[in-house]
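# Examining the three-dimensional arrangement
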Amino acid sequence: MSFRRFAALAVALAIGSAARAEPPPPATRLPDMVTLDDALRIFRAHGIDLLIADAAVQSAQADARAAAIVPNPQLGGSVGRSFLYDAKSCPGCSDLAWSASISDNSALMDTASGRRHLRMKVADEALRAARLERGDAQRQLELQLKQQYIEAVLARDTLDFALEVQASQAKMLELNQIRYKAGAISETDVAKVETAKLEADQDVDRATQNLRTAKLAVAFLLGARGPIPDFKIEQDLPRFAIPAALASANVDALLKEAIDHRPDLKAFEVEQRRAETSIAAARRQRVPDVALSAQFAGEGTGNQALQPPTLTFGVTTTLPLFYQFQGEVQRAEADLRTQELGRVKAEARVASEVESAWAAFTGTQRRVERMESRLLDRARRARDLVQIQYQKGAASLLEYLDAQRTFIAVYVEYLGDLADYWTAVYQLEAAVGMELR
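Reference entry: report on the structure contained in this document. These numbers come from a predicted model, not from an experiment. (Residues numbered from 1 in each chain as written. Predicted model: local features only at pLDDT ≥ 70, side-chain atom pairs only at ≥ 80, totals over all residues. Heavy atoms only, no water.)

When helices and strands are tallied, the protein shows eleven helices and six strands. The C-alpha atoms of the protein give a radius of gyration of 38 Å, which is well past the 22 Å a tight globule of 437 residues would have. If you line up the protein on its principal axes, its C-alpha atoms span 140 × 45 × 35 Å. Looking at the protein as a whole, 38% of its 437 residues are labelled buried. Excluding contacts between residues fewer than 6 apart, the proportion of contacts in the protein whose partners are at least 24 apart in sequence is 80%. A total of about 24900 Å² of accessible surface is found on the protein, and carbon and sulfur atoms cover 56% of it. Of the side-chain charges in the protein, 54 are positive and 58 negative, and the distance between the mean point of each set is 2 Å. (Helix = DSSP H or I, 4+ residues; strand = E, 2+ residues; numbered from the N terminus. Rg over C-alpha atoms; globule rule 2.2 N^0.38 Å. Buried < 20%, exposed > 50% of the residue type's maximum accessible area, 1.4 Å probe, protein only. Contact = heavy atoms within 4.5 Å. Areas by Shrake-Rupley, 256 points an atom, 1.4 Å probe, with all protein chains shown as cover. Lys, Arg positive; Asp, Glu negative; His and termini not counted. Charge placed at Lys NZ, Arg CZ, Asp CG, Glu CD.)

Here we take up the packing of helix H5 (residues 115–181) against helix H9 (residues 263–284). Closest axis-to-axis distance for the H5/H9 pair is 8 Å, and the angle between their directions is 160 degrees. By the angle between their directions, the pair H5 and H9 is classed as roughly antiparallel. Helix-helix and strand crossings are classified by hand; for H5 and H9 the assignment is left-handed. Looking at side-chain class alone, the contact of H5 with H9 contains ten nonpolar, three polar and 13 charged residues. (Axes fitted to C-alpha atoms, helices over the stretch in contact; angles between N-to-C directions. Parallel < 35°, antiparallel > 145°, perpendicular 65-115°, else oblique. Left-handed = near helix turned anticlockwise from the far one by under 90°. Nonpolar A, V, L, I, M, F, W, Y, C, P; charged D, E, K, R; others polar.)

All told, the structure shown has 33 salt bridges when counted by the stated rule. Salt-bridge contacts for Asp 54 lead to Arg 134; the nearest nitrogen and oxygen are separated by 2.7 Å. Of the two residues, Asp 54 sits in helix H3 (residues 48–67) while Arg 134 sits in helix H5, which places them 80 residues apart along the sequence. The residue Asp 377 makes a salt bridge to Arg 378 at a minimum N-O spacing of 3.4 Å. Given the relative accessible area of 38%, Asp 377 is considered partly exposed. A residue is classified by how much of its surface remains accessible, and Arg 378, at 39% relative accessible area, is partly exposed. Counted as one network, the salt bridges with shared partners bring together Asp 136, Arg 139, Arg 262, Asp 264, Arg 349 and Glu 353. (Salt bridge = Lys/Arg side-chain N within 4 Å of Asp/Glu carboxyl O.)

Turning our eyes to something else, we now look at unusual backbone geometry. Even without being glycine, Asn 105 reaches a positive phi, approximately 55 degrees. Relative to the elements of secondary structure, Asn 105 occurs in the loop between strand S3 (96–103) and helix H4 (107–112). In this structure, Ser 106 takes a positive phi of about 65 degrees despite not being glycine. Here Ser 106 is to be found in the loop between S3 and H4. Residue Ser 106 is classed as buried on the basis of its relative accessible area, which comes to 13%.

With respect to the element layout, Ile 42 can be found in helix H2 (residues 36–46). In sequence terms Ile 42 and Val 368 are 326 residues apart; their C-alpha atoms lie 31 Å from each other.

Buried within helix H8 (residues 251–261) we find Val 251, Leu 254 and Ala 258. Buried residues of H8, seen end-on, are gathered within an arc of 65 degrees and therefore sit on one face of the element. In this structure, H8 carries Asp 252 and Lys 256 as exposed residues pointing more than 90 degrees from its buried face. Elements that come into contact with the buried residues of H8 comprise helix H7 (244–247), H9, helix H10 (326–391) and helix H11 (397–432). (Arc of directions from axis to C-beta.)

Read from one edge of the open sheet, four strands run S2-S3-S5-S6, paired in antiparallel fashion. Two strands bound the open sheet, and with one partner strand each, they are strand S2 (74–81) and strand S6 (307–317). On average, adjacent strands in this sheet sit at an angle of 15 degrees to one another, irrespective of strand direction. Pairing of strand S5 (residues 290–299) with S6 involves nine bridges; the strand directions are antiparallel. In the strand pairing of S6, Phe 296 is matched with Leu 311. (Pairing = 2+ DSSP bridges.)

Looking now at the packing of aromatic side chains. One pass over the full model with this rule turns up eleven aromatic pairs. Centre to centre, the rings of Tyr 390 and Tyr 400 are 5.7 Å apart; their planes meet at 15 degrees, and the pair counts as stacked. Note that Tyr 390 is positioned in helix H10 and Tyr 400 in helix H11, a separation of ten residues in sequence. In this pair, the class of Tyr 390 matches that of Tyr 400, namely buried. Where Phe 407 meets Tyr 411, the ring centres are 6.1 Å apart and the plane angle is 40 degrees; that geometry is what we call tilted. Here the residue Phe 407 and the residue Tyr 411 both occupy positions in helix H11, the gap between them amounting to four residues, near one helical turn. In this pair, the class of Phe 407 matches that of Tyr 411, namely buried. For the cation-ring pair, Arg 179 lies above Tyr 390, with the distance from its terminal atom to the ring centre recorded as 5.2 Å. Above the plane of the ring of Phe 407 lies Arg 383, whose end atom (NZ or CZ) is 4.3 Å from the centre. (Phe/Tyr/Trp six-rings, centres within 6.5 Å; stacked < 30°, edge-to-face > 60°. Lys NZ or Arg CZ within 6 Å of the ring centre and 35° of its normal.)

Glancing now at H10. Over its 66 residues, H10 extends 91 Å from the first C-alpha to the last, a length consistent with the 98 Å expected when each residue adds 1.5 Å. The largest bend in H10 amounts to roughly 55 degrees and is located at Met 371. Positive phi shows up at Gly 393, right after H10, with a value of about 85 degrees. (Expected span 1.5 Å × (residues − 1). Bend = angle between axes of the 7 residues up to and from the residue.)

Turning our attention to the side chain of Asp 104. Its location among the elements puts Asp 104 in the loop between S3 and H4. As a buried residue without a salt bridge, Asp 104 has its nearest oppositely charged side chain in Arg 115, at a separation of 9.6 Å. A distance of 2.8 Å separates a polar atom in the side chain of Asp 104 from the backbone nitrogen of Leu 292. Discounting chain neighbours no more than four positions away, the residues touching Asp 104 are Pro 71, Asn 72, Pro 73, Val 290, Ala 291 and Leu 292. (Polar contact = N/O pair within 3.5 Å; in protein donor to acceptor, adjacent residues only side chain to side chain.)

And the structure:
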């Protein structure tokens, strides 16, 4: 958002607070269970950053209303007295002087010259741009919320798996302590198993902390304030599936969709039109202001009065001899150049974001497919077989612990890959500027 937009927002907020003090938006009440759809719905209604973007749109609406004003007419009046004058010396004479005047304050010229129309057009384009910028802010903020929600679900799945591993290691420790007391294994083996159990306890505590931190981040984006109660999120990460819109997609098609749908690109187009209109408005200021006025004044009545009642019509204008608004025109031209370059930069950024999101999507897709088709099953099968062999004495404790660590690492990697895949889908949606699922 431009500095000009922020400055206008600050002025509007200051005036609004002076006129009437509105209470801040109420704190968000989170339900006991928050799904991703619930999170998006709550965010669209209570997200603080989105409310700030709404305030920027309201400021632009105020600018549009201010640009459409017609200057108020000016009224004037005066009363005076003439000294050392004998008003009684002639009939109708008076030593009391008075006058009344009215001026259109250049309102007629402001409309006739087209300046008011150009101001309104500039403000309307700025309002359209503000609305598009608000849409772009929602696009980026919803991506951030989706990513954070997936992080929270990943933390939940990681905690569930850590608890499962902890229970398994506890049973294995109990079994080996019995075997140690029976003299079947050495104290070294018991120490190794107990170490694995304590590492599982560490993983549970770490996963619990990560889950709470992720939930707090989600609650912050949803506009929660003050103490945040614990709430539930979806049990598992979404299952792997390729969205129908992406089954046969390619980078060129997605980039075309992005150019057609991205609100930030449309905002630059509107800002460019606004800047072009601003140049015309700046040049139109060279037409001099002409103020029409009428004055009625008098001091007494009759032919012998100092000032018989007199009606006077006047025209006042400014001669543009020394300054013809070159600075305003140059500033408007520089603004147009800035918007043109900003659009070029935005188009390059959009292309980069689409390419990066597509690379992330295809890369994570291959990793998840490899995990689900072979790697995860092989790691689990190897762990189970070594566990059976260890229980029968055909495999060493070291082999079992190594197989267990490998399976844990592979499964945690699988959860991360699945979370990365859906994050890539969300990033691709944000890069294109439309829903793809």
